[in-house]
Amino acid sequence: MKIQGQVAIVTGGGSGLGRAMAIGLASEGAKVLLADVRETEVLNVRREIEALGGQADVFAGDVGQELTARQLVDFCAKKFDRIDVLINNAGLRMEVHDDGVYEDRRCLRQRPTHEVPVSDWDLLLNVNLRAVYLCTHFALPHMIRQKHGMILGISSNAGSNGVAGKCAYVASKHGVEGLMKTVAAEMKEYGISANAIHPGGRVNVDGRGGQSPDVIVPLVLHLASQDQPELTGKVFKASDWNAGKRDF
């Protein structure tokens, strides 16, 4: 399966991993729909893609809201007449920052479970898990009709471990992995794959250190090029993939 001509939705496409994956797919000839709550950022990424000779469009909104997620999928299907790839990347982190700065709708303060405000829990689960379900829910009927599609949920090392101070984040990533495995079991007969992927360590999305967001691109391109969903229902760590560790 060539990536050329495929249509991909990338949520959280305005920065970090989302930007890297969108540019990677567009560089291989995919038509990319960039979705983010920050319209300015996705417009900037669209300009980057177009400067490389690629094709992209933008959608601004909070895909954790049912109507918005439906509108995103409907917009993509109407504009491009199909949906081949859905990358559920939009997400919030929980960290401790020495400078006390926590970017709005990017990162929440890490703290013990009993100190986490209920509003923080609700916000993070809405973005990190509910949005994944909603976009997947609305995209699947299109993919079923096509008898082809690839869905990715962005996870983390926290998707298989407990991490002190990150209760909401850990719960969301466990949920993403479980959801992708369930969708894989349901959809293989329709030629649709579903996997959870993650970088394998912190990514430098805010200047505080970590791997380049590009670490995840080779894995995404490989999964998007599958003719049939042979690799499905799995959790892939990009750092292992890039190192040739592919024992699955």
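It should be noted that the structure appears before, not after, this text.
A brief structural summary. All values derive from a computational prediction rather than experimental measurement. (Residues numbered from 1 in each chain as written. Predicted model: local features only at pLDDT ≥ 70, side-chain atom pairs only at ≥ 80, totals over all residues. Heavy atoms only, no water.)

1. Regarding the overall build of the protein chain
Next, step 1: Check the secondary structure of the protein chain and you find 7 helices and 9 strands.
Next, step 2: Relative to its length of 248 residues, the protein chain is compact, with a C-alpha radius of gyration of 17 Å against a globular reference of 18 Å.
Next, step 3: Relative to its full complement of 248 residues, the protein chain shows a buried share of 52%.
Next, step 4: As displayed, the protein chain offers around 11000 Å² of accessible surface, 48% of which is attributable to carbon and sulfur atoms.
Next, step 5: Distance from the positive charge centre (28 side chains) to the negative charge centre (29 side chains) of the protein chain: 2 Å. (Helix = DSSP H or I, 4+ residues; strand = E, 2+ residues; numbered from the N terminus. Rg over C-alpha atoms; globule rule 2.2 N^0.38 Å. Buried < 20%, exposed > 50% of the residue type's maximum accessible area, 1.4 Å probe, protein only. Areas by Shrake-Rupley, 256 points an atom, 1.4 Å probe, with all protein chains shown as cover. Lys, Arg positive; Asp, Glu negative; His and termini not counted. Charge placed at Lys NZ, Arg CZ, Asp CG, Glu CD.)

2. Observations regarding the sheet that holds strand S9 (residues 235-237)
Backbone-to-backbone hydrogen bonds pair the strands of a sheet. The strands run either parallel or antiparallel.
Next, step 1: Within the open sheet, the 7 strands sit side by side as S3-S2-S1-S4-S7-S8-S9. Their pairing is parallel. Every other strand in the sheet has two partners, leaving strand S3 (55-60) and S9 as the edge strands with one partner each. Across this sheet, the average inter-strand angle for adjacent strands is 20°, counted without regard to direction.
Next, step 2: In this sheet, S9 lies alongside strand S8 (residues 192-198) in parallel orientation, the contact comprising 3 bridges. (Pairing = 2+ DSSP bridges. Axes fitted to C-alpha atoms, helices over the stretch in contact; angles between N-to-C directions.)

3. Considering the pattern of salt bridges
Next, step 1: The final tally for this structure, using the stated rule, is 13 salt bridges.
Next, step 2: Aspartate 57 serves as the salt-bridge partner of lysine 79, at 3.3 Å between the closest nitrogen and oxygen. Remark: aspartate 57 occurs in strand S3 and lysine 79 occurs in helix H3 (residues 66-80); sequence separation between them is 22 residues.
Next, step 3: Assessed through its relative accessible area of 13%, aspartate 57 is described here as buried.
Next, step 4: Arginine 202 is the salt-bridge partner of glutamate 95, the closest N and O atoms lying 2.9 Å from each other. Linking glutamate 95 in strand S5 (residues 93-95) with arginine 202 in the loop between S8 and helix H6 (217-224), this pair joins segments that are 107 residues apart in sequence.
Next, step 5: Within the structure, one salt-bridge network assembled from shared partners comprises Arg93, Glu95, Asp99, Glu103, Arg202, Asp206 and Arg208. (Salt bridge = Lys/Arg side-chain N within 4 Å of Asp/Glu carboxyl O.)

4. A closer look at the side chain of serine 172
Next, step 1: Along the chain, the position of serine 172 falls in helix H5 (residues 167-187).
Next, step 2: Taking relative accessible area as the criterion, serine 172 reaches 0% and is therefore assigned buried.
Next, step 3: Within the local environment of serine 172, its side chain forms a polar contact with the side chain of asparagine 128, the two groups lying 3.3 Å apart.
Next, step 4: If sequence neighbours within four positions are ignored, serine 172 has contacts with Leu124, Leu125, Asn128 and Leu129. (Polar contact = N/O pair within 3.5 Å; in protein donor to acceptor, adjacent residues only side chain to side chain. Contact = heavy atoms within 4.5 Å.)

5. Some remarks on the environment of glycine 178
Next, step 1: Relative to the elements of secondary structure, glycine 178 occurs in helix H5.
Next, step 2: You can call glycine 178 partly exposed: its relative accessible area is 31%.
Next, step 3: In this structure, the C-alpha to C-alpha distance between glycine 178 and glycine 162, residues 16 residues apart in sequence, is 15 Å.

6. A few points about the packing of aromatic side chains
Next, step 1: Tallying each qualifying case throughout the model produces 2 aromatic pairs.
Next, step 2: With a centroid separation of 6.2 Å and an interplanar angle of 45°, the aromatic rings of phenylalanine 59 and phenylalanine 75 are classed as tilted. Remark: phenylalanine 75 occurs in helix H3 and phenylalanine 59 occurs in strand S3; sequence separation between them is 16 residues.
Next, step 3: Looking at phenylalanine 59, the relative accessible area reads 12%, which means it is buried.
Next, step 4: A ring pair is formed by phenylalanine 236 and tryptophan 241, whose centres lie 6.2 Å apart and whose planes are at 85°; its orientation type is edge-to-face. (Phe/Tyr/Trp six-rings, centres within 6.5 Å; stacked < 30°, edge-to-face > 60°.)

7. Here's the deal with unusual backbone geometry
Next, step 1: The phi dihedral of aspartate 81 falls on the positive side, at around 70°, and the residue is not glycine.
Next, step 2: Residue position: aspartate 81 is located in the loop between H3 and strand S4 (85-88).
Next, step 3: Residue classification places aspartate 81 among the exposed residues on the basis of a relative accessible area of 67%.
Next, step 4: Unusually for a residue other than glycine, lysine 147 sits at a positive phi of about 55°.
Next, step 5: Its location among the elements puts lysine 147 in the loop between helix H4 (118-146) and strand S7 (149-154).
Next, step 6: A residue is classified by how much of its surface remains accessible, and lysine 147, at 57% relative accessible area, is exposed.

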